[in-house]
Amino acid sequence: MLIRLIFLTLLGTAFAPSPFSRHYRGPYANPFAGAYSSLGQFGPFGSVSLAHQESSTVPTFFLGSNIGAGSTNKPANSIKPAERSGIFDTIYEWNILDYAFNSPQERQQAIMSQEFVPENNLPLGIDRWKNTLFVTTPRWKEGTPATLSTIDLRNNFKSPLLVPYPDFSWHSSTSNPDCTKLMNVYRTFVDECDRLWVIDAGVVETLTNFRQLCPPKIVIFDLNTDAHIFTYELPPEQVKQDSLHSSIVVDVPNGKCEDAFAYVTDVWRFGVVVFSFNEGRSWRTTSHLHLPNPLASDFNFQGINFQWTDGTFGISLAPVADQRTGDRALFFHPMSSFMEFMVNTGVLKNETNWINGPFIGPVSNPQSFQPVGNRGLKGQSSTSAMARNGVQFYNLVQRSAVGCWDIRKPYTMHNLALVESDAIKLNFPNDIKADYEIKQNLWVLTNYLPQFLYSQLDYNQINFRILATPVERAIAGTVCDPSVSASLAPNPLDTCV
């Protein structure tokens, strides 16, 4: 075993950095394949109070006719992925992005000064609140005039202009940094209290001229008024060399908006920062399970081979909390991994567990972080989202697909399903969210990221898409439907690494 671990450690040093991992330290060889941990410790899965009862009308142009088609009641392992197509509808698509500048003259001036270089803009993150979609455009390269924008869902134009949020004045230039403004946003999170949480990484041009222009910060907006609520800069001691804070999820225990906690991933330095809204402070949490697996770090995507060693990327929260403590399960996975993991949020929210380093407090230990299961080869996943019915959805970047799992069931290959796989429509799915509508919908953004980073996009074809489907349609006829019984068949991955 010792020889094997030494081999994997040496193997990890051979991998080149990804856009999310400039210097990989400490490879992790995953010994937990096929394992499954019960969710019982997080309380029974019960009914969920629906947020946003006065919901906006869901636009009919993306609601399919087979919503609520129901379960086939077939045995769990009889659902074939090849049978699933046409589940997602394309809502918007672009060959190349453009923005709603205040005037044609302002747009032309931005192009002349290279504040706007159209071919250097790529959408990454997505969120939905009522009739508004939020889209992030990270500053991978020079020439991105705004890093967070909106689209009005009542806009039926297939390739709409991005409208900077809250407006252009909130977006700093990279040539004259203003750290009170937004610098570089990868992803956002809309909570049940009508607030938009933004994690601003503060770094720019990660591939060409890496610069940490501003400290990473959390910025919160009131979505009913678009007013700025709060900005919180992460303390310097919680930011490591080459940290990249790229994803955020927000926990509102028992619906108490003032008691919210945000969990922010550090994909480069392998940790999660916990922020207490009530206390206005944060702390850094760590676990070896945040590390990438070197065996999952080699990617082959449509003729492009690249090596990424990315830590925890996708995070999602179980929809039901312990009514006494407000704790729930937080699921997470590194991008360079085939595995899903979990931890009780009570372990993360207890600052005394972390104030003097990991697991110093009396109530926690490394076993609080547990493996859930294995997605198998080509099971690397970018982001994940949890529907209110307890079904987790996750993007499968190497399979051009979206998968699903009912969290009541063991995380085995027989209990995982593909929602849809499509090499064109779902080309590199990079973000996924479940909205708060009464008839809940799933939103996916796809963006040909490897071609953008390592080759060249063809701007004569569609490169970026926003897709949507009702959650009921996404799970109908699959083992992810809660009405379908779990398979207890042996997992074929139990003997795999």
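Cut-offs used in this document
- Residues numbered from 1 in each chain as written.
- Predicted model: local features only at pLDDT ≥ 70, side-chain atom pairs only at ≥ 80, totals over all residues.
- Heavy atoms only, no water.
- Helix = DSSP H or I, 4+ residues; strand = E, 2+ residues; numbered from the N terminus.
- Contact = heavy atoms within 4.5 Å.
- Areas by Shrake-Rupley, 256 points an atom, 1.4 Å probe, with all protein chains shown as cover.
- Buried < 20%, exposed > 50% of the residue type's maximum accessible area, 1.4 Å probe, protein only.
- Pairing = 2+ DSSP bridges.
- pLDDT = per-residue confidence, 0-100.
- Disulfide = S-S within 2.5 Å.
- Axes fitted to C-alpha atoms, helices over the stretch in contact; angles between N-to-C directions.
- Core = buried A, V, L, I, M, F, W, Y, C linked by side-chain atoms within 4.5 Å.
- Polar contact = N/O pair within 3.5 Å; in protein donor to acceptor, adjacent residues only side chain to side chain.
- Phe/Tyr/Trp six-rings, centres within 6.5 Å; stacked < 30°, edge-to-face > 60°.

**Some remarks on the overall build of the protein**
Looking only at helices and strands, one finds 5 helices and 28 strands in the protein. A fraction of 62% describes how many contacts in the protein between residues 6 or more apart in sequence connect residues 24 or more apart. Carbon together with sulfur atoms contributes 52% to the accessible area of the protein, which is approximately 18800 Å² in total.

**As for the pairing of strand β7 (residues 195–200)**
Taken across its 6 residues, β7 has 6 buried, putting it largely inside the fold. Burial of the side chains of β7 extends over both faces: R195, W197 and I199 are buried on one face and L196, V198 and D200 on the other. Bridge analysis of strand β6 (residues 185–190) against β7 gives 5 bridges, and the strand direction is antiparallel. Its bridge partner lying in β7, T188 is registered against V198. Between the end of β6 and the start of β7, which pair antiparallel, lie 4 residues, with D194 showing a positive phi angle near 60°.

**Some points on the confidence of the model for the protein**
Any residue range with low pLDDT should be treated as having predicted coordinates unsuitable for detailed reading. On average, the protein scores 81 in pLDDT, and the residues at 70 or more come to 80%. The model gives residues 1–82 a pLDDT under 50, and that stretch makes 204 contacts with residues more than four places away or in other chains. Scored below 50 in pLDDT, residues 359–364 shows 15 contacts in the model against residues more than four places distant or in partner chains.

**A word on the state of the cysteines**
Each disulfide is one covalent bond, formed between the sulfur atoms of two cysteines. Applying the stated rule across the entire model yields 3 disulfides. In this model C193 forms its disulfide with C257; the gap between the sulfur atoms is 2.0 Å. Between C193 and C257 the disulfide shows an S-S torsion of about -95°. By sign, it is left-handed. Separated by 64 residues along the polypeptide, C193 in the loop between β6 and β7 and C257 in the loop between β12 (245–251) and β13 (261–266) bring together distant segments of the chain. Assessed through its relative accessible area of 27%, C257 is described here as partly exposed.

**Some words on the sheet that holds β7**
Spatially, β6-β7-β10-β11 is the arrangement adopted by the 4 strands of the open sheet, whose pairing is antiparallel. The open sheet has two free edges, formed respectively by β6 and β11 (227–233), since each of these has just one partner strand. If you compare each strand with its neighbour and ignore which way they point, the axes differ by 20° on average. Summarising the sheet, β7 and strand β10 (residues 217–222) pair through 6 bridges and their orientation is antiparallel. Bridged to D200 within β10 is K217.

**Overview of the pairing of strand β19 (residues 329–334)**
Taking burial as the measure, the 6 residues of β19 include 6 buried ones, the bulk of the element. Every second residue of β19 is oriented toward a common face, with A329, F331 and H333 on one face and L330, F332 and P334 on the other, all of them buried. Bridge analysis of strand β18 (residues 312–317) against β19 gives 5 bridges, and the strand direction is antiparallel. The partner of G314 across the bridge, within β19, is H333.

**What about the environment of C193?**
When its relative accessible area of 18% is taken as the criterion, C193 is described as buried. When the C-alpha positions of C193 and L223 are compared, they lie 9.0 Å apart, and in sequence the two are 30 residues distant.

**Here's the deal with the sheet that holds strand β3 (residues 132–136)**
One open sheet holds the 4 strands; their spatial order is β2-β3-β4-β5, and the pairing between them is antiparallel. On the outer flanks of this sheet lie β2 (126–129) and β5 (163–164), each paired with one strand and no other. Pairing analysis gives 5 bridges linking β3 to strand β4 (residues 148–152), with the strands arranged antiparallel. Paired with V135 across the strands is S149, a residue of β4.

**Considerations on the nonpolar core**
Counting 47 residues, the largest nonpolar core has L196, W197, I248, Y263 and L330 as its most contacted members. Sequence-distant contacts of W197, that is, excluding residues within four places in its chain, are made with T188, F189, D191, I218, V219, I220, I248, V250, A260, A262, F275 and F277. By size, the runner-up hydrophobic cluster in this structure holds 43 residues, among which are L97, Y99, F101 and Y448.

**Side note on the side chain of S487**
Among the secondary structure elements, S487 is positioned in the segment after α5 (471–475). For S487, a relative accessible area of 10% gives the class buried. Among the polar contacts made by the side chain of S487, one reaches the main-chain amide nitrogen of A489 at a distance of 3.2 Å.

**A few points about the packing of aromatic side chains**
Each pair of aromatic rings is reported with the distance of its centres and the angle of its planes. Under the defined criterion, the tally for this structure stands at 20 aromatic pairs. Ring centres of W170 and F221 lie 5.2 Å apart, and the angle between their planes is 75°; on these two criteria the pair is classed as edge-to-face. On the criterion of sequence distance, the pair formed by W170 in the loop between β5 and β6 and F221 in strand β10 is long-range, its members being 51 residues apart. Judged by its relative accessible area of 0%, F221 falls in the buried class. With 4.7 Å between their ring centres and 70° between their planes, W405 and Y411 make a pair best called edge-to-face.

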